[in-house]
Amino acid sequence: MDTASTPVRIYTTFQGLVRSASLIDVVTGLAFVWAISAAIRALRKQSRTTKLRGPKGSSLLFGVSKELFKSPDTGSMFEAWSKEYGVAYELPMLLGQKRIILCDPKAVAYLFSRDTRSYVGTPGHKAAVARMIGKGLLWAEGESHRRQRRSMAPSFNSAAVRNSSSAIYKTVNKLKVAWKASIDADGSGSVVLDVQRWMNYVSLDAFGIAGFSYDFGSLDGTPNPMISVLDAFAAPSSPSFWDKSVLFLSNFFPFAVNVPTSRGKMLDKLRWRMSELCEIIIENAAKEREEASNQRVSTIHLLLKAEDEDSVQRITREEVLAQARFMRVLLIASYETTAITMTWALFELARHPDIQTKLREEVLSFGGEPSYDQLTTGFPYLDAVVQETLRFRPAAQERVRQASEDDVIPLSEPVRTKSGEVVDSIAVERGTVIGISIPCMNRSEAIWGPDAKVFKPERWLEPDGIAKKAQEVKGYRHVLTFSDGPRTCIGKLFAVAEIKMVLLIVIKNFVLEMRDGPDTKVEMTRGIKMRPKVAGEDGIKVPLRVRPYKG
């Protein structure tokens, strides 16, 4: 045997294997090699993280990831596991990774209070954020996050929302006119409308005008390339095998988010359209600075002002540009998060005509359009309906953070570890990934009581309506829909005001009914976020029958 030719034959054989393998085979092989090496490193190193009990994965490769991805209600899954394993437990995830899940108000409040410092975004999440909007507020941690958030805060405080209320009302009244025109055109006295589409548009237009002095014109039917891009993002689609593979690999190799996919192409198109829009908005902000008579405060105007400040709070030009990119998130948030919440609110009011009637009685008792302050304090039942919608139908699903240092998380009640030891706190080692399910925390019977799964606005008005355990949840009025701590939603006051204005105008002028009766089945589907859709409908349609209220 010619030993000199052996290396050549090995090399030739290897070359043939590589050529016959698809790209996904190669990257999957690399992922497998990485997983094996990570497992070997983990075995060599004794983890200091408390070893918690938890469910077993359906496979060694995926853990419980596939079940969570396919589930229409992950909150119920997390709650069921919490009942079995306690308020803190461990999940097996992709490629042998572990994730600690917290379903405990005390532990969640502790983690959120130390967010951006002791707990930060995972590498995969940060890579995705950086690709989508740049290294701005959502990407930043620690001091950089605090400085950037402080520079933006004046755009979203109560004074700013108060100043924006007339612009929001103007947009919502366009919705009222459009709905009345649709009813008149139908000629039958009522019309079936896809309220999800209308809520997308009213939310986008309201934030565009109130936040950036820019009219998208979606309620007017004005052609706008941004609308088609956002519609494509919001609509559910079946990802290809390639898209799924890239998403899978991005959990372990952050650079994989830059691999071309169909969703990535949509993202690039959205970023390009947003870049055009950012230039227009920045030009408008520059003009506002030059006009001394203009008292309006815009987001970019405040950022440019913060850049000029000679203080420790001064932000850099790079951060200003990154925050300009952050406007993509603000617009997507208005198009997605706020619109989803308003869709759910209208759906629940249509499904519960008694609640709708009670709300109508309250809003009709006030003549005209209430001011922001009157809307905030003078409509207790409207406030209760909005708050219950935020609790019962949160648009956000899960918050995942990673420990940046060793820590000990306190618990409000003890849990049993794998060894059988009972502990009232859990040690987490640097690098430990921790998840918090928002639907679970908002609808857990252990936290909210036996009626947690019931849409019940009255709970916010009754003396003992909020269970004692729920009162321990920090968040926004005891719900975690807007998250909590340093990363609590910066636009929550604007979102709540907009939702209230929409419900007030709609319920005052229209009656909402389920097109197919109160037992209409609703499914959850994935767009940018989880969205409702009526079963059997194409896309993300939520059709309701709308007729004018005639007193």
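Note that the coordinates shown come from a computational prediction; the quantities given were computed from them, not determined experimentally.

Student: Help me understand the sheet that holds strand E9 (residues 510-514), please; the structure alone is not making it clear to me.
Tutor: Pairing between sheet strands relies on hydrogen bonds along the backbone, with the strands arranged either parallel or antiparallel. The sheet built from three strands is open, its strands ordered E4-E12-E9 with antiparallel pairing. The open sheet has two edge strands, strand E4 (191-194) and E9, and neither has a second partner. Sheet twist, expressed as the average angle between the axes of neighbouring strands with direction ignored, equals 40°. Two elements, E9 and strand E12 (residues 543-548), share five bridges in a ladder whose sense is antiparallel. Residue pairing for E12: phenylalanine 510 is matched across the bridge by proline 548.

Student: Quick question: what am I supposed to make of the packing of helix H15 (residues 353-364) against helix H20 (residues 492-509) here?
Tutor: The geometry of H15 relative to H20 is characterised by a closest axis approach of 9 Å and an angle of 100° between their N-to-C directions. Classed by the angle they form, the pair H15 and H20 counts as roughly perpendicular. Within the contact between the two elements, H15 uses Gln356, Leu359, Arg360, Val363 and Leu364 and H20 uses Leu504, Ile507 and Lys508. Looking at the contact of H15 with H20, its residues break down into five nonpolar, one polar and two charged.

Student: In this structure, what is going on with the environment of proline 105? I would like to understand it.
Tutor: With respect to the helices and strands, the residue proline 105 is situated in helix H5 (residues 105-113). Along the sequence, proline 105 and alanine 470 sit 365 residues apart, while their C-alpha atoms lie 7.8 Å from each other. Ignoring any residue separated from it by four or fewer positions in sequence, one finds proline 105 in contact with Met441, Ile447, Lys469, Glu472 and Val473.

Student: Looking at this structure, I do not really get H5. What am I missing?
Tutor: Every α-helix carries 3.6 residues per turn, so stepping three or four residues along brings you back to the same face. Counting buried residues along H5, seven of its nine residues qualify, which places the element largely inside the surrounding structure. Buried within H5 are the following residues: Pro105, Ala107, Val108, Ala109, Tyr110, Leu111 and Phe112.

Student: Is there a simple way to explain the nonpolar core in this structure?
Tutor: The nonpolar side chains of soluble globular proteins are, as a tendency, buried together. Of all hydrophobic cores here, the largest spans 81 residues; its most connected members are Trp179, Met199, Leu346, Leu503 and Val506. Of all hydrophobic cores here, the second largest spans 33 residues; its members include Leu52, Ala384, Ile447 and Trp448.

Student: Looking at this model, I keep getting lost on unusual backbone geometry. Mind explaining?
Tutor: Phi is mostly negative for residues that are not glycine, and the peptide bonds are mostly trans. Here the phi dihedral of threonine 116 falls at roughly 75°; this positive angle occurs in a residue that is not glycine. Within the fold, threonine 116 resides in the loop between H5 and strand E3 (119-120). Its relative accessible area of 7% is what places threonine 116 among the buried residues. The residue arginine 477 is not glycine, and still its phi comes out positive at about 55°. Following the sequence through the fold, arginine 477 ends up in the loop between helix H19 (445-448) and H20.

Student: Sorry if this is basic, but what is going on with the packing of helix H8 (residues 158-186) against H20 here?
Tutor: Describing two packed helices takes the angle between their axes plus the distance from one axis to the other. Relative to each other, H8 and H20 sit at 35°, their axes nearing to 9 Å. Between H8 and H20 lies a crossing of right-handed hand. Residues Ser158, Val161, Ser164, Ser165, Ile168, Tyr169, Val172, Asn173, Leu175, Lys176, Trp179 and Lys180 of H8 lie in contact with H20, whose contacting residues are Leu493, Phe494, Ala497, Glu498, Met501, Val502, Ile505, Val506 and Asn509. Considered class by class, the residues forming the contact of H8 with H20 number 13 nonpolar, five polar and three charged.

Student: What am I meant to see in empty space enclosed by the protein here?
Tutor: Unoccupied space between atoms shows up once a probe the size of one water molecule is rolled over them. The final tally for this structure, using the stated rule, is four cavities of 30 Å³ or more. Reported here for the largest cavity is a volume of approximately 50 Å³. Residue lining of the largest cavity: Thr337, Thr338, Thr341, Leu390, Thr481, Phe482, Ala495 and Ile499, and that is the complete set. Broken down by secondary-structure element, the contributors of at least two residues to the lining of the largest cavity are helix H14 (317-351) and H20. For the lining of the largest cavity, the leading source of residues is H14, giving three residues. In the lining of the largest cavity, the residues fall into four nonpolar, four polar and no charged.

Student: Got a minute to help me understand the packing of aromatic side chains in this structure?
Tutor: By convention here, two paired aromatic rings are described through the distance between centres and the angle between planes. The full count for this structure, using the stated rule, is eleven aromatic pairs. Taking the centre distance of 5.4 Å and the plane angle of 65° together, the rings of tryptophan 179 and phenylalanine 510 count as edge-to-face. With a gap of 331 residues between them, tryptophan 179 in helix H8 and phenylalanine 510 in strand E9 connect regions that are remote in the sequence. Phenylalanine 510 matches tryptophan 179 in its accessibility class, with the two residues each being buried. Taken together, the ring pairs connect Phe78, Trp81, Tyr85 and Tyr89 into an aromatic cluster.

Student: Please clarify how the sheet that holds strand E5 (residues 398-403) should be interpreted in this entry.
Tutor: Spatially, the five strands line up as an open sheet ordered E1-E2-E8-E5-E3, and their pairing is mixed. Single-partner strands in this sheet number two, and they are strand E1 (88-92) and E3. As defined by bridge partners, strand E2 (residues 98-102) adjoins strand E8 (residues 433-437) across two bridges and the pair is classed as parallel. Bridge pairing in E8 places isoleucine 101 opposite glycine 435. Strands E2, E3, E5 and E8 of the sheet are contacted by H5, whose axis makes an angle of about 120° with E8.

Student: What should I look at first to understand the pairing of E1 in this one?
Tutor: For a regular strand, the rule is simple: side chains alternate between the two faces of the sheet. Across the five residues of E1, five count as buried, placing the element largely inside the fold. Judged by which residues are buried, E1 turns out to be covered on both faces: Ala88, Glu90 and Pro92 on one side and Tyr89 and Leu91 on the other are all buried. Here E1 runs beside E2; their pairing, made up of five bridges, is antiparallel. Directly across from alanine 88, in E2, lies its bridge partner leucine 102. Here E1 folds back onto E2 in antiparallel fashion, the turn holding five residues, of which leucine 95 has a positive phi close to 50°.

Student: Please clarify how the confidence of the model for the protein chain should be interpreted in this entry.
Tutor: For the protein chain, per-residue confidence averages 82 on the pLDDT scale, and residues scoring 70 or more make up 78% of the total. When mean pLDDT is compared element by element in the protein chain, helix H17 (residues 380-392) scores highest at 98, while helix H1 (residues 6-20) scores lowest at 44. pLDDT under 50 marks residues 1-8. Its contacts with residues more than four places away, or in other chains, come to two contacts. In the model, residues 292-296 has pLDDT below 50 throughout and makes nine contacts with residues more than four positions away in sequence or in other chains.

Conventions we followed
Residues numbered from 1 in each chain as written. Predicted model: local features only at pLDDT ≥ 70, side-chain atom pairs only at ≥ 80, totals over all residues. Heavy atoms only, no water. Pairing = 2+ DSSP bridges. Helix = DSSP H or I, 4+ residues; strand = E, 2+ residues; numbered from the N terminus. Axes fitted to C-alpha atoms, helices over the stretch in contact; angles between N-to-C directions. Parallel < 35°, antiparallel > 145°, perpendicular 65-115°, else oblique. Contact = heavy atoms within 4.5 Å. Nonpolar A, V, L, I, M, F, W, Y, C, P; charged D, E, K, R; others polar. Buried < 20%, exposed > 50% of the residue type's maximum accessible area, 1.4 Å probe, protein only. Core = buried A, V, L, I, M, F, W, Y, C linked by side-chain atoms within 4.5 Å. Left-handed = near helix turned anticlockwise from the far one by under 90°. 1 Å grid on protein atoms, 1.4 Å probe; cavity = no way out; pocket = protein on both sides within 12 Å on 5 of 7 lines; lining within 4 Å. Points joined across faces, edges and corners; volume = space filled by probe spheres on them. Phe/Tyr/Trp six-rings, centres within 6.5 Å; stacked < 30°, edge-to-face > 60°. pLDDT = per-residue confidence, 0-100.

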